[in-house]
Amino acid sequence: MSQQGYVATPPFSQAPPGMGGFHGPGGPNQQQHHLYGHYGGQPQGFAVPPTGLKAPVSSAPGMPPPSVSNQYAPNVQQNGAHPQRYPAYGHPPQSQFQSMTSQAPPPAQQLTNQMSAMNLGNYAPGPMQSPPPPASPATQHPLQNPPPPAMGPHSPQMSALMTPPQSPPTGPPMAGPPMAGPPMAGPPMAGPPMAGPPMAGHQMAGPPMAGPPMAGPPMAGPPMAGPPMARGPMAGPQMTGAPMAGPPMAGDPMAGMGRPFPGPSPPGAGGFQQPGPAPAGYPQQLGQFGGQMGGPQPGYPGAFPGAAAQMAGPPQKKLDPDSIPSTTQVIEDDQAKRGGQVYTTNLRGQVPPLVTTDFTVQDQGNASPRFMRCTTYSLPCTADLAKQCQVPLAAIIKPFANVPKNETPLCVVNHGETGPIRCNRCKAYMCPYMQFIDGGRRYQCGFCSCVNEVPAFYFQHLDHMGRRVDFYERPELSLGSYEFSATLDYCKNNKPASPPAYIFMMDVSYTNIKSGLVNLLCGELKTLLERLPREGGAESSSVRVGFVTYNKILHFYNVKSALAQPQMMVVSDTAEMFVPLLDGFLVDYQDSRAVIHNLLDQIPDMFADTNESETVFVPVIQAGVEALKAAECSGKLFIFHSSMPTAEAPGKLRNRDDRKLVNTDKEKTLFQPLKGVYEQLSKECVLQGCSVDLFLFPNQFVDLATMADVPSHTGGSVYKYNNFQVETDGQHLLRDLRKDVEKNIGFDAIMRVRTSTGFRATDFFGAVHMNNTTDVEMAAVDCDKAVTVELKHDDALSEEAGALIQCALLYTTLGGQRRLRIHNLSLNCVLQLSELYKSCDTDALANFFAKSAYRAILSQPLKSVREILVNQTAHMLACYRKHCASPSAASQLILPDAMKVFPVYMNSLMKTAPLVGSAELQTDERAHLRLAVMAMGVEDTQLLLYPRLIPLHNMAAGEEEAAPVRCSEERLSEGGAFLLENGQSMFLWLGQAVPPDLVQDLFNLPSLAHLQTPLSVLPELDNPQSQRVRALIGSLLLKRPNSMKLQIVRQKDKPEVLFRQFLVEDKGLHGGASYMDFLCYVHREIRQLLT
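(A) Structural detail: the overall build of the protein. Regarding its fold elements, the protein presents 26 helices and 31 strands. Looking at the protein residue by residue over its 1091 residues, the buried ones come to 64%. Of all intrachain contacts in the protein linking residues separated by at least 6 positions in sequence, the fraction that spans at least 24 positions is 78%. Accessible surface, the protein: about 36000 Å² in total, of which carbon and sulfur atoms supply 53%.

(B) A look at the sheet that holds strand β29 (residues 977–981). The sheet built from four strands is open, its strands ordered β28-β29-β30-β31 with mixed pairing. Two strands bound the open sheet, and with one partner strand each, they are β28 (948–951) and β31 (1046–1050). For this sheet the average axis-to-axis angle between neighbouring strands, irrespective of direction, equals 20°. By the bridge criterion, four bridges tie β28 to β29 in an arrangement that is antiparallel. Pairing of Arg 948 across the sheet is with Glu 981, part of β29. Together, β28, β29, β30 (986–990) and β31 form the strand contacts of helix α24 (residues 1024–1039), whose direction differs from that of β29 by roughly 5°.

(C) The arrangement of the packing of helix α19 (residues 862–883) against helix α26 (residues 1075–1090) in detail. Interhelical geometry of α19 versus α26 gives an angle of 60° and a closest axis separation of 9 Å. Considered as vectors, α19 and α26 are oriented oblique to each other. Crossing of α19 over α26 shows right-handed handedness. The segment α19 lies against α26, with Val 870, Asn 871, Thr 873, Ala 874, His 875, Leu 877, Ala 878, Arg 881 and Lys 882 engaging Phe 1078, Tyr 1081, Val 1082, Glu 1085, Ile 1086, Leu 1089 and Leu 1090. Looking at the contact of α19 with α26 residue by residue, the classes come out as 10 nonpolar, three polar and three charged.

(D) Inspection of the packing of aromatic side chains at higher detail. For the coordinates displayed, the defined rule picks out 27 aromatic pairs. Ring geometry for Phe 504 versus Phe 547: centroids 6.0 Å apart, planes at 20°, classification stacked. With Phe 504 in strand β12 (residues 501–507) and Phe 547 in strand β13 (residues 544–550), this residue pair connects regions lying 43 residues apart in the sequence. A relative accessible area of 1% places Phe 547 in the buried class. Among the aromatic residues, those joined into a ring-pair cluster are Tyr 502, Phe 504, Phe 547, Phe 638 and Phe 747.

(E) Seen up close, the sheet that holds strand β24 (residues 787–793). Sheet architecture is open: four strands sit in the order β4-β6-β24-β21, paired in antiparallel fashion. Edge positions in the open sheet fall to β4 (372–374) and β21 (759–765), since each of these has one partner strand only. Each adjacent strand pair in this sheet contributes to an overall mean axis angle of 25°, direction not counted. Taken together, the four bridges between strand β6 (residues 394–397) and β24 define a ladder with antiparallel strand orientation. By the bridge assignment, Ala 395 is partnered in β24 with Val 789. Against the sheet, helix α18 (residues 842–856) makes contact with β4, β6, β21 and β24, and its axis sits at roughly 60° relative to β21, the strand it touches most.

(F) Summary view of the pairing of strand β26 (residues 818–830). Counting buried residues in β26 gives 13 out of 13 residues, a clear majority hidden from the surface. By the alternation rule, side chains of β26 split into Arg 818, Leu 820, Ile 822, Asn 824, Ser 826, Asn 828 and Val 830 and Arg 819, Arg 821, His 823, Leu 825, Leu 827 and Cys 829, which are all buried. Taken together, the three bridges between strand β5 (residues 378–380) and β26 define a ladder with parallel strand orientation. Of the residues in β26, the one forming a bridge with Leu 379 is Cys 829. Inspection of the sheet shows strand β11 (residues 481–485) paired to β26 by five bridges, in the antiparallel sense. Residue pairing for β26: Ser 481 is matched across the bridge by His 823. Sheet topology places strand β25 (residues 803–812) next to β26; 10 bridges connect them, and they run antiparallel. From the neighbouring strand, Leu 810 faces β26, where its bridge partner is Leu 820. In this antiparallel pair of consecutive strands, β25 and β26, the connection spans five residues, and Gly 816 shows a positive phi of 90°.

(G) Expanded view of the side chain of Arg 881. Looking at where Arg 881 falls in the secondary structure, it is placed in helix α19. Summary of buried charges: Arg 881 has no salt-bridge partner, and the nearest side chain of opposite charge, Glu 1085, is 14 Å away. A polar side-chain atom of Arg 881 sits 2.3 Å from the main-chain carbonyl oxygen of Gln 892. In this structure Arg 881 touches Ser 888, Ala 889, Ala 890, Gln 892, Leu 893, Ile 894 and Leu 1090, once residues within four positions along its chain are discounted.

What counts, and at which threshold
Residues numbered from 1 in each chain as written. Predicted model: local features only at pLDDT ≥ 70, side-chain atom pairs only at ≥ 80, totals over all residues. Heavy atoms only, no water. Helix = DSSP H or I, 4+ residues; strand = E, 2+ residues; numbered from the N terminus. Buried < 20%, exposed > 50% of the residue type's maximum accessible area, 1.4 Å probe, protein only. Contact = heavy atoms within 4.5 Å. Areas by Shrake-Rupley, 256 points an atom, 1.4 Å probe, with all protein chains shown as cover. Pairing = 2+ DSSP bridges. Axes fitted to C-alpha atoms, helices over the stretch in contact; angles between N-to-C directions. Parallel < 35°, antiparallel > 145°, perpendicular 65-115°, else oblique. Left-handed = near helix turned anticlockwise from the far one by under 90°. Nonpolar A, V, L, I, M, F, W, Y, C, P; charged D, E, K, R; others polar. Phe/Tyr/Trp six-rings, centres within 6.5 Å; stacked < 30°, edge-to-face > 60°. Lys, Arg positive; Asp, Glu negative; His and termini not counted. Salt bridge = Lys/Arg side-chain N within 4 Å of Asp/Glu carboxyl O. Polar contact = N/O pair within 3.5 Å; in protein donor to acceptor, adjacent residues only side chain to side chain.

This is the structure we're talking about:
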C-alpha cells in the first residue's frame, strides 16, 4: 500500500479536483486532506494494495464522501498525495496537512517554522497552503492528484491552502469547506487529534500517508483495496511511530496509524523535494490552479562533497532547517501522545512508546520493552522480502533492566525438584505461547510444534475457551517475563552455587599515591561497603569482600574477624600467580568490619613514601580469578589502575599508538586488542564467573583496546578519568563507583535465544563471550548491559502464526541461588513491506547499526564501514519509496513515518570518534567509546547519538526542566545558558550575553567575566534558579548509567570546541556532514538507486 511517509516536497500533491467529490474552498485540492484522516476515527489497518494502488476510499466523483471510517488510515491521502513532502530544496515547505485536521490544527509552530522559511523556487514567498500541490511534477495518474501548481503565492490555491502554515492555528487549516463535507466528517477530524489509539502512532499528520494513498490512479478504485495492511499490528497505538516530528508535520498530530503510511509526514521531514527536473517521461505539469510547476533543480546545493549543486534554474534559497524532521519534535510528540499511560503487552507485534517516553508497562503476555526491543515489530514473511528492504531484523535484550517502583517485579516460579517444564524437542521453557490440548493432558510447543505430555503435578483442566483454569495464577502462562528457580542440574558440577565475592584491587604506584586517589578510595570504601547489594528481602548482603594492593608485586590482606590487625602477604613472583592465603581473604564485611576499617586506614600510610612507578596488570586479574576458584564462587574484581603495565610480567605492554595509521587500511589495528595472554585470561574469567570492572586513571596512552579486552568479554565496565585530580574528578569517580557497586547484577550467566521456526538468532553483540554459536556467556550481567541479537530467516514465516522469541538467562543471584530468567516476545509477520516500515523502531535500528559498525572496524577500513552505513540508509529508504509510497516526483525525499529521523542518527553515528578518521582524536578515547557502545541498550545509544540540549535561561518556576531543543548551533543564543548531556559527557554552556542575574543566581558572581574555568560543580546557593538547575543536573546523573563530570564552558572560550562536537546536526569538527547535507546526499543516493 502506499503510504506516504514524509515527503519533502513543498508543494504537496493534492488530490485531483473532484476527487472524492469534495472541493475545498481552495478548490478541489484541499479536500483531500480531510478526507482522509479523521481524527476521531478508528484506526484502520491499511490495506496494502497491489502495486497499482487502488483508490482509497474516496467516493466516486459526485458521490457523497465515504464514511469516515475508511479502512485506510484515517489520514489516508489521495493518491497522489504524499504524506509529508519535505520542502523542496529550494522551497518553502508546505504543510499539506493542515487542512486535515480541522479540528486539530497542527501544531503551530511546526508549520510556521517550516513554511515560513522557504520560498518556493524563485517564486515569491507565499504562504503555503496546506495541501499545496507538489512542486515537482507529479506524474499525472488518472486519478492522481493533479500536479501542483507552481507554488507562487499567487496561485489561488496556494494561497488558500497555504495559509495555514503561515498562521498555523488559524482555523482548522482546511477549514472551510474543505473539511466541511462529510469527508472527514464528523468525528474524524474532530476528535482530538489523534484520537483513537490507533492512530496514535504518529502524528500522522495528514492524509498523506494514509492510504495506499498515493499511488496514482488508484484512488479511484475502491478504497484501498483491502485491509491488508490493516493487520493487527498496525492498529493501535502501536504505530506509534514517531510522529513526524518537526514542524513539518504541519498536519495534525493525528498521527494516525503508523505514520509511515498514514499520516503525511511532516513537511519538513525528509522531503526535500527539489523541484528537480522532471523525471523522464513526465511532462511538466501545470499547477492545479493553472500555474506552471516549479522548475527543475537538479542537485542539491550543499550536499556532500561531490554533490555540487548543479542547479539549473533559479537561484535556490537555503532549505529551512525547521522543515526537516526534528528528533526533539518526534520525542515530544510521542511523550505527549503516550507519556504517562499504561502500555499493556497483550497484543502481538505492537510497537511500544519511544525509549525517551515515560510510560508504565503492564505485562500481559509479552516482555516489557524495558527488557526487549526490536528493530521492527513486523518481520517480513520471506528472506527475499527481508533482502529487498534491507531493514536489519534484530532484538536488543537487556535481561536485567531496572523496573520502576510502580511496576511489578518479576515473579519467581518454583516447581521443586522437577525443575522448570520444557519442550522435549527444542527445550523452550513453559510460556504463554504453549497451546494445551487433549483436555489439558498435553501441550503443543509454540516454537517447534512438538506435542509434549503435561507432567501429572502440572495437570489442570481447560475452560470453555481451551485455556487452563489456573491461567492467571501461573506467571509462566500469563506473563511475558518471569523467573524459575533452577535445580542442581543447572549448577556447575551439580553443586549448589555460592554467593559472589567482590575483590577491590588498588594500584599503589607513585602516581596514584601522589594524586590522592588511594586516600580517596580508602575513605570511600568504608561507607560504600555498608551498601553492598543484597537480594530482595534480605537483611544484609551475602557478598563477601577481599582486598589486594599492587605495583609490580602483589599484596594480599588477611582480614579475618578474629584478628586484631590485618595481615599482609606479598607475592613477588608474578609469572606464576597464586593466592597465598585462603582463610581470611574473602570475608563477610559485617563480621570483619573493624579489621577492614583498620586496613583501609593503614593503606595510604603504608605506601606514602613509595617511588615505584612500574605496574603489572594481567597477574592482578589472575590473582582474582584464582581467589574465586579457591572459594568456589563467582564474583567481580574492581581494579583501580593508573598506567600502562610495563613491569616484567605476563601481559606487559609497549606503546603501539601510531596516529600515522589513521585513514589507512591498518587503522583497524589501533582498535584490535593484543591476543595471547589477554585472550586466554578472558576465557578463564568467563569460566569462573569472574567479571572485571576497570577504573583507569591515565596521564598518557595506556593501550585501552588491550587492557579493556577482559572487562569487555566478562560483562564488565571500563571507567576512564584522564589526568585525575581529586578536587575536580573525585566526586565523578565516587558517583561511578557507588553506582557500580550497588547495581542489580547476576553472575556466571549463560543466555540462549530461541525462536519459532522460520528464523533464528545468528549474531550477538555485547560485553559477552561466545564459545559456540548459540550460548552467550557472561561472567556477570547487570542492569545496564544489553545484548543485540541479529535474526535471519531460514524458512518462510506465516502471517497467522507470527514469530516468537524466547530469551532464557541462567544466572546466580546475589544470594547464591541459581535462577532462570525468561523473557518472551511475539512479533507479527507480514507480506507487505509498508507494514514492516510502519512498525520500525528507529532507536533500536540506531543501536544495531552502531554495534555492527563498531564491530566491523576491527576488520575493515573505516572508509568502507562509513560507505556501508550510507548505502544501507539509502537502500532502506529507496525501498520504501519504491514499494510503499505513492508515485511522486523524483525530487521529493519521502521518509517512512516511523523512520523519519533515522538519517539524523546515522549521520551522528558516522561522526562519533571511532568512525571519524582524525589523527587529532586520542586512540584510547576512540577505543573506550567503541567498547562502551558494544554493551549499551537502546536508550543509551539514543542519547549518545542525539544528546539532549536543554535551555536553562527560561525555565519557569516550578518547571523541572525546559523542553530540549535541536542539537544545533542555530538553537544557541548569546543571552542563554544551555545544559547538554549525552550519557557520557555533560556541559553547561554560557552565552556571551547571558544576563548578570542568571550568573549571580548560579555562581554568586557579578558577571561572566569573573567566572574561573575550569569549573566542574555549581555552588550550592539558596535561590530558586540555582536549586532548579542543580536538581535537574542531579536527576540526570541519577538516571544515567554513568556519572558525568559537569564541564562549564563560556561561548568563544577554547574549551567550547569540546562542547560543539556534540551538536550533532551541525558539521563535525573532525569531518562529517551536517544533518541537512547528509539528507541531501542520501536523497541523491536514493534517486540513483531508483533510476
